[in-house]
Amino acid sequence: MEKKRDVIIACDFSSKAEVMAFLDKFGETRPFVKIGMELYYAEGPAIVKEIKERGHKIFLDLKLHDIPNTVKKSMAVLSRLDVDMTNLHAAGTSAMMEAAIEGLTRPDGTRPMLIAVTQLTSTSEERMKKELLIDAPIDEVVMSYAENAKKAGLDGVVCSPLEAGKVHARCGEGFVTVTPGVRFADGDIGDQSRVTTPEKAREIGSDYIVVGRPITAADDPKAAYERCMKEFVGQ
Ligand code: C5P
């Protein structure tokens, strides 16, 4: 899949009925959507196929992390679902990431974009040191994992929009940054702490922003999505 700045809506719903009712509000518009563990575990692969058939691009956010052989075979299954983007934990090491690419690549040589999670933003530097016994500063760990992902042939990383510029400086402009933690300037922050606006995310250099509640919980989700597209993509 070719890299193109876009807004991805995090469809954090727990049933098909809810997600379909939400997508129906968009009329003929077909936004890029993220399907996470909650919806996938509730509804299974059928939900991916159904949303794909409606004409949406899909980021399947399942964050794989297992031995290389298992990840390779699982990625082959996800690739057959015809998703556009999926992800794994860089902590699985480059052997796992290389196996993932192999599994994901279809017989015709094409494959979905593959993005790495570096350190989860819920992991503090303190816990990383104390429980994972990683002594380097967390920023350095994130950048080092991003470099490992790049060397293994991955397309990019999930990161904070505030880190996107640094990732590009270290791994190149072509290395994709997918960034959650986006809020409108006049919106609610909710449980996110380090947030930025769609406009600012564009300035810093995010390639894709993942936006959940500012769109899913809006009175008019389509209008909120269009505002996001205007601020981030400029159209
Ligand atoms: O509703 P909100 O805009 O906060 O949703 C953000 C989405 O991005 C959620 O699906 C959340 O799980 C995901 N995410 C995140 N922070 C990360 C990684 C993923 O908010 N570091």
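These figures come from a predicted structure and were not determined experimentally. (Residues numbered from 1 in each chain as written. Predicted model: local features only at pLDDT ≥ 70, side-chain atom pairs only at ≥ 80, totals over all residues. Heavy atoms only, no water.)

Draft legend 1. Representation of the packing of aromatic side chains. Tallied over the full model, the rule gives five aromatic pairs. Measuring from centroid to centroid gives 5.2 Å for F22 and F26, while their planes differ by 70°, and the two rings are edge-to-face. Take F22 and F26: they sit in the same class, and that class is buried. With a centroid separation of 5.8 Å and an interplanar angle of 80°, the aromatic rings of F26 and Y225 are classed as edge-to-face. Taken together, the residues span a long stretch of sequence, with F26 in the loop between α1 (16-24) and β2 (32-36) and Y225 in helix α11 (residues 221-232) at a distance of 199 residues. You can call F26 buried: its relative accessible area is 0%. Through a chain of ring-to-ring contacts, three or more aromatic side chains come together here, namely F13, F22, F26 and Y225. Of note, R5 hangs over the ring of F232, and the distance from its end group to the ring centre comes to 5.8 Å. Geometry around F184 places R227 over its ring, the cationic atom sitting 4.1 Å from the centre. (Phe/Tyr/Trp six-rings, centres within 6.5 Å; stacked < 30°, edge-to-face > 60°. Buried < 20%, exposed > 50% of the residue type's maximum accessible area, 1.4 Å probe, protein only. Helix = DSSP H or I, 4+ residues; strand = E, 2+ residues; numbered from the N terminus. Lys NZ or Arg CZ within 6 Å of the ring centre and 35° of its normal.)

Draft legend 2. Molecular detail of the pattern of salt bridges. All told, the structure shown has 18 salt bridges when counted by the stated rule. For E203, the salt bridge goes to K200, with nearest N and O atoms at 3.9 Å. Here E203 and its partner K200 are both found in helix α9 (residues 198-204), three residues apart, which amounts to about one turn of the helix. Exposure remark for K200: the relative accessible area of 39% places this residue in the partly exposed category. Where salt bridges share partners, they join K34, D61 and K63 into one cluster. (Salt bridge = Lys/Arg side-chain N within 4 Å of Asp/Glu carboxyl O.)

Draft legend 3. Quick look at the nonpolar core. Formed by 61 residues in total, the largest nonpolar core has its most connected members in L88 and I215. For this core, the element with the most residues is helix α7 (residues 138-151), which contributes seven residues. Apart from the residues within four sequence positions on either side, L88 is in contact with K63, L64, M75, M96, M97, A100, L114, I115, A116, V117 and L154. (Core = buried A, V, L, I, M, F, W, Y, C linked by side-chain atoms within 4.5 Å. Contact = heavy atoms within 4.5 Å.)

Draft legend 4. Main features of the pairing of strand β3 (residues 58-64). The buried fraction of β3 is high, at six of seven residues. In the sheet, β2 pairs with β3 via four bridges, with the strands oriented parallel. Within β3, the residue paired with K34 across the bridge is F59. In the sheet, β3 pairs with strand β4 (residues 85-89) via three bridges, with the strands oriented parallel. Bridging across to β4, L64 finds its partner in L88. Crossover handedness for the path β3 to helix α4 (residues 68-80) to β4: right-handed. (Pairing = 2+ DSSP bridges. Right-handed = clockwise from strand over helix to strand, strands pointing away.)

Draft legend 5. Seen up close, the state of the cysteines. For the structure shown, the criterion picks out zero disulfides. Summary of cysteine pairing: C11 is not part of a disulfide, and the nearest cysteine sulfur, belonging to C228, is at 13 Å. What makes C11 buried here is its relative accessible area of 1%. (Disulfide = S-S within 2.5 Å.)

Draft legend 6. Main features of the site of the ligand. Taken together, A10, D12, K34, T121, P180, R183, Q192, V210, V211, G212, R213 and P214 are the residues near the ligand. Between the ligand and T121, the relevant distance is 2.6 Å, taken from a nitrogen atom to a side-chain nitrogen or oxygen of the residue. Here an oxygen atom of the ligand and a side-chain polar atom of R213 are 2.7 Å apart. Grouping the amino acids of the shell around the ligand by side-chain chemistry returns five nonpolar, three polar and four charged. (Near = heavy atom within 4 Å. Polar contact = N/O pair within 3.5 Å; in protein donor to acceptor, adjacent residues only side chain to side chain. Nonpolar A, V, L, I, M, F, W, Y, C, P; charged D, E, K, R; others polar.)

Draft legend 7. The arrangement of the environment of T123 in detail. For T123, the location among the structural elements is in the loop between β5 (113-117) and α6 (125-132). Separated by 15 residues in the primary sequence, T123 and I138 place their C-alpha atoms 9.2 Å from one another.

Draft legend 8. The environment of M75, seen in detail. Relative to the helices and strands, M75 is located in helix α4. Leave out the neighbours within four places in its chain, and M75 touches L64, T86, N87, L88, A100, G103, L104 and L114.

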